[in-house]
Amino acid sequence: FLNIAKTDFEDVKIIWENCCGEGHLAKVLVDYFDEGQIVCVTDLIDRSYGVGNVDFLNSDFNPNADLIITNPPFSLVNDFIVKGLEKTNRYLVYLCKIQMLETVGRKEILENSPLKYIYVHSKRQATWKDGKELDPQGKKWATTMCLAWFVWDKEYKGEPIVRFI
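Residues numbered from 1 in each chain as written. Predicted model: local features only at pLDDT ≥ 70, side-chain atom pairs only at ≥ 80, totals over all residues. Heavy atoms only, no water.

Visitor: Residue-level account of the pattern of salt bridges, with values.
Guide: Counted according to the given criterion, the structure contains six salt bridges. Its salt-bridge partner being Lys83, residue Glu86 comes within 3.5 Å of it at the nearest N-O pair. One end of the pair is Glu86 and the other is Lys83, both in helix H3 (residues 77-87) and three residues apart, which spans about a single turn. On the basis of relative accessibility, which here comes to 54%, the residue Glu86 falls in the exposed class. A residue is classified by how much of its surface remains accessible, and Lys83, at 22% relative accessible area, is partly exposed. Taken together, the salt bridges that share partners define one network made up of Asp11, Arg90, Asp153 and Glu155. (Salt bridge = Lys/Arg side-chain N within 4 Å of Asp/Glu carboxyl O. Helix = DSSP H or I, 4+ residues; strand = E, 2+ residues; numbered from the N terminus. Buried < 20%, exposed > 50% of the residue type's maximum accessible area, 1.4 Å probe, protein only.)

So, in structure tokens, the structure goes:
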């Protein structure tokens, strides 16, 4: 996804990965963005990467980010969308299950937000639990989830555009 959207984020100065876990996405972001762009890395839990004990939903912490990007906890995705749109200066990018689209409770949030793109992975992606490539039995994790990158742009007006990657 990042290769597709890099030109959209050229003017971004501060990027915030707010659910960094052990840094799997954050490390890619640090390598991806230019030297003059700052990547701020936080998480609710201190996992020895980034700044721990930062509650995205309930704290006043805000690094004045132009772009917030993360894989939010699915059970809290509605709250993360609302809070993310409040805290970002411009862009909000979340990696979520495509099922995020199929709920009555989320319909109003999505319809009344500047959701610009949904980049659907055309191939199911293997997700690693706790950053581990293999499960406790030594097998690769199942690839049963269809994932998509949801991109909000606070300056966008219009219907969401669906693209496939």
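Visitor: Can you break down the environment of Ala26 residue by residue, with the values?
Guide: Checked against the element boundaries, Ala26 lands in helix H2 (residues 24-32). Residue classification places Ala26 among the buried residues on the basis of a relative accessible area of 0%. Considered as a pair, Ala26 and Thr42 are 16 residues apart in the sequence and their alpha carbons are 9.4 Å apart. Non-local contacts of Ala26, meaning those with residues more than four positions away in its chain, are made with Glu17, Cys20, Val41 and Tyr49. (Contact = heavy atoms within 4.5 Å.)

Visitor: Tell me about the packing of H3 against helix H4 (residues 104-111), residues and numbers included.
Guide: Where H3 contacts H4, the axes come no closer than 10 Å and their chain directions differ by 15°. As the angle between them shows, H3 and H4 are arranged roughly parallel. The crossing of H3 and H4 is left-handed. Each of Val77, Asn78, Ile81 and Val82 in H3 lies in contact with H4, whose residues at this interface are Gly105, Arg106, Ile109 and Leu110. The residue inventory of the contact of H3 with H4, partitioned by class, reads five nonpolar, two polar and one charged. (Axes fitted to C-alpha atoms, helices over the stretch in contact; angles between N-to-C directions. Parallel < 35°, antiparallel > 145°, perpendicular 65-115°, else oblique. Left-handed = near helix turned anticlockwise from the far one by under 90°. Nonpolar A, V, L, I, M, F, W, Y, C, P; charged D, E, K, R; others polar.)

Visitor: Help me get a handle on the layout of surface pockets, residues and values and all.
Guide: Over the atoms rolls a probe the size of a water molecule, and in doing so it shows where empty space is left. In this structure, the second largest pocket spans a volume of roughly 220 Å³. Lining the second largest pocket we find Leu101, Thr103, Lys107, Leu110, Glu111, Ser113, Leu115, Gly158, Glu159 and Pro160. With three residues, the single largest contributor to the lining of the second largest pocket is H4. Residues that form the lining of the second largest pocket fall into these classes: four nonpolar, three polar and three charged. (1 Å grid on protein atoms, 1.4 Å probe; cavity = no way out; pocket = protein on both sides within 12 Å on 5 of 7 lines; lining within 4 Å. Points joined across faces, edges and corners; volume = space filled by probe spheres on them.)

Visitor: For empty space enclosed by the protein, give the residues involved together with the corresponding values.
Guide: Counting across every chain of the model gives one cavity of 30 Å³ or more. Looking at the largest cavity, its volume works out to about 40 Å³. Breaking the lining of the largest cavity down by element, the ones donating at least two residues are strand E5 (115-120) and strand E6 (147-153). Class assignment for the residues of the lining of the largest cavity results in four nonpolar, no polar and three charged.

Visitor: Explain the pairing of E5 to me, using residue names and the numbers behind them.
Guide: Summarising burial for E5: six of the six residues are buried, a large majority. Pairing of E5 with E6, which is carried by five bridges, proceeds in the antiparallel orientation. By the bridge assignment, Leu115 is partnered in E6 with Trp152. One ladder, built from four bridges, connects E5 with strand E7 (residues 161-164); its direction is parallel. Paired with Val120 across the two strands is Phe164, which belongs to E7. (Pairing = 2+ DSSP bridges.)

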